[in-house]
Amino acid sequence: MKLRHRLAAVAVAGGCAAFVLRLAQNRTGFEPVTGLPIPGSAASLALLALLAVLTVILGALAAALPKKAEPAFPADFTAQSSALLTLPVAGSLLMALSGVADLAEGLGAGSLLTAVRSGDGSAYVLTAALGSDLSALSARTQLLTGALTLFAAAGLLLSAAACRRGGAFQRELLLPAPAALVVRLVLIYRIDSIDPVLWDYVVELLALVFLTLGFYRLSSFAFGGGRTGRFAFCAGEAVVLCLCALADGSAYLSSLLLYAGGALTLLGFLLLHLSQVPAEAAPETDEPPEADAPAV
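Not measured: the values here are computed from a predicted model.

When helices and strands are tallied, the protein chain shows nine helices and zero strands. Shown N-terminal to C-terminal, the secondary structure of the protein chain runs as helices and strands in the order α-α-α-α-α-α-α-α-α. Burial analysis of the protein chain (296 residues in total) assigns 46% to the buried set. Put simply, of all contacts in the protein chain between residues at least 6 apart along the chain, 80% involve residues at least 24 apart.

Have a look at this one:
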């Protein structure tokens, strides 16, 4: 396997392992009555160790990636075949469905996730918030997050299309994604922070943080500030943490679609970019190149 593709492989494999450990932690790492974490839980310690090791590995692989002078979007994300666009397009569509789900619940459709689990419409909860759940968003808030997520998904779809056809590209299309995620991160944090058990929500918050950073780093390529290593690290961490967060489930169908869609989108753009990076270039660094020695 080529060095530039190892990071993506490590992120996906590590995310799957984190998903399994998070499931085990949710089942065995908390007191069944109080919900408090069990000290010294094997699943909790294993998950923490895995996430730490993956961070070190992803950081090392990102630092070793070759550097391409002044990479730009979409020129250095050009797809050689339509198959390479499958991941970002599929991920963007999942993000669009996430926005639709938030809009539907905000307009009074009730809990879509509860309806999906029950298999019929009788389980719809016709309230502005989802019962007494700690992570309850108001109807107005869901309308806001839904509209922002739809706007972001549309920009990402058009960006993916530009990677295929080339030509003119509006760089502002990449900005709604990090902006929408910042808004969602703030809202989710304000709700979840009242929970005294950090393990209950830390994975979700970290997933949103690295999704935001990943899309921010992606947008920087369109404004002349792209760094392959930084983008690769943030995208890899986002994939790991989003897969891990899926093990928690959610009160909202939109959250599950957002984690899955965001991870697929970043992974797709990462693979597109790495396919354009020259294998023989030097590792990326922020230091300016040294001047040539004067001739003697």
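Still more ground to cover, so stick around.
Moving on, we come to the confidence of the model for the protein chain. Predicted confidence across the protein chain gives a mean pLDDT of 83, with 82% of residues reaching 70 or more. For the stretch residues 120-135, pLDDT sits under 50, and the model shows 31 contacts to residues farther than four places along the chain or on other chains.

Next up on the list: the side chain of Thr212. Along the chain, the position of Thr212 falls in helix α7 (residues 202-220). Of the polar contacts made by the side chain of Thr212, one reaches the backbone oxygen of Leu208; its length is 2.7 Å. Beyond its immediate chain neighbours, meaning those up to four positions away, Thr212 contacts Pro178, Leu181 and Val182.

Where helix α5 (residues 139-165) contacts helix α6 (residues 176-192), the two axes come as close as 8 Å, and the packing angle between them is 155 degrees. For the element pair α5 / α6, the angle class is roughly antiparallel. Between α5 and α6 lies a crossing of left-handed hand. Every residue of α6 that contacts α5 at Thr141, Leu144, Thr145, Leu148, Thr149, Phe151, Ala152 and Leu156 is listed here: Pro176, Ala177, Ala180, Val183, Arg184 and Leu187. Of the residues in the contact of α5 with α6, the class split is 10 nonpolar, three polar and one charged.

According to the stated counting rule, one finds eight aromatic pairs in the structure shown. Ring geometry for Phe73 versus Phe77: centroids 4.8 Å apart, planes at 50 degrees, classification tilted. According to the relative accessible area criterion, Phe73 is buried, its value standing at 7%. Seen from their ring centres, Phe77 and Phe221 are 5.2 Å apart, and the 75 degrees between their planes marks the pair as edge-to-face.

Opposite charge on two side chains lets them pair, provided their charged atoms get close. All chains considered together, the criterion is met by two salt bridges. A salt bridge links Asp248 to Arg22, with the nearest nitrogen and oxygen atoms 2.6 Å apart. Highlighted residues: Asp248 in the loop between α8 (228-246) and α9 (253-274) and Arg22 in helix α1 (residues 3-28), separated in sequence by 226 residues. We classify Asp248 as partly exposed; its relative accessible area is 28%. For Asp102, the salt bridge is made with Arg184, and the minimal N-O distance between the two is 3.0 Å. Pair noted here: Asp102 is in helix α3 (residues 86-109) and Arg184 is in helix α6, with a separation of 82 residues, a long-range link. The exposure class assigned to Asp102 is buried, which follows from its relative accessible area of 0%.

Positionally, Thr145 belongs in helix α5. Of the residues examined, Thr145 reaches a relative accessible area of 4% and is grouped as buried. Between the C-alpha atoms of Thr145 and Asp102, which are 43 residues apart in sequence, the distance is 6.9 Å. Each residue touching Thr145, except ones within four places of it in the same chain, is listed here: Asp102, Arg184 and Leu187. A distance of 3.1 Å separates a polar side-chain atom of Thr145 from the backbone oxygen of Gln142.

Attention now moves to the side chain of Ser159. Along the chain, the position of Ser159 falls in helix α5. Contacts of Ser159, omitting those with residues within four sequence positions, involve Phe73, Phe169, Leu173, Leu174 and Phe269.

Our next topic: the nonpolar core. Nonpolar side chains tend to gather and get buried jointly when the protein is soluble and globular. Ranked by size, the top nonpolar core spans 61 residues in total, and within it Phe73, Phe77, Phe215, Leu218, Phe231 and Phe269 carry the most contacts. Elements supplying a minimum of two residues to this core: α1, α2 (42-63), α3, α5, α6, α7, α8 and α9. Among the elements that take part in this core, α8 stands out by supplying 10 residues, more than any other.

Thresholds applied
- Each chain has its residues counted from 1, following the order in which its sequence is written.
- pLDDT decides what is reported in this predicted model: residues at 70 or higher carry local features, side-chain atom pairs at 80 or more are listed and counted, and totals for whole chains, interfaces and linings draw on all residues regardless.
- Side-chain numbers come from the whole structure's heavy atoms, not from hydrogens or water.
- Each helix is a run of DSSP H or I of at least 4 residues and each strand a run of E of at least 2, with the numbering of both proceeding from the N terminus.
- In this scheme, a residue with accessible area under 20% of its type's maximum is buried, one over 50% is exposed, and one in between is partly exposed, where area comes from a 1.4 Å probe on protein chains only.
- Contacts: residue pairs with any heavy atoms within 4.5 Å of one another.
- Note: pLDDT gives the predictor's confidence per residue, expressed from 0 to 100.
- Pairs of N or O atoms within 3.5 Å make up the polar contacts considered here, provided that, within protein, one atom can donate a hydrogen while the other can accept it, and that residues adjacent in sequence are counted only when both atoms are side-chain atoms.
- The axes are straight lines fitted to the C-alpha atoms, using for helices just the contacting stretch, and the angles between their N-to-C directions are given from 0 to 180°.
- Each angle gets one of four labels, with under 35 degrees taken as roughly parallel, over 145 as roughly antiparallel, 65 to 115 as roughly perpendicular, and the rest as oblique.
- Two helices cross in a left-handed way if the nearer one is turned anticlockwise from the farther one by less than a right angle. They cross in a right-handed way if the turn is clockwise.
- For this classification, the nonpolar set comprises Ala, Val, Leu, Ile, Met, Phe, Trp, Tyr, Cys and Pro, the charged set comprises Asp, Glu, Lys and Arg, and every other residue, Gly included, is treated as polar.
- Ring geometry is summarised as follows: Phe, Tyr and Trp rings, the Trp one being its six-membered ring, pair when their centres sit within 6.5 Å, and such pairs are stacked at plane angles under 30 degrees, edge-to-face over 60 and tilted between the two.
- For this analysis, a salt bridge means a side-chain nitrogen from Lys or Arg found within 4 Å of a carboxyl oxygen belonging to Asp or Glu.
- Only buried residues count toward a nonpolar core, which is a set of Ala, Val, Leu, Ile, Met, Phe, Trp, Tyr and Cys residues joined through side-chain atoms within 4.5 Å.

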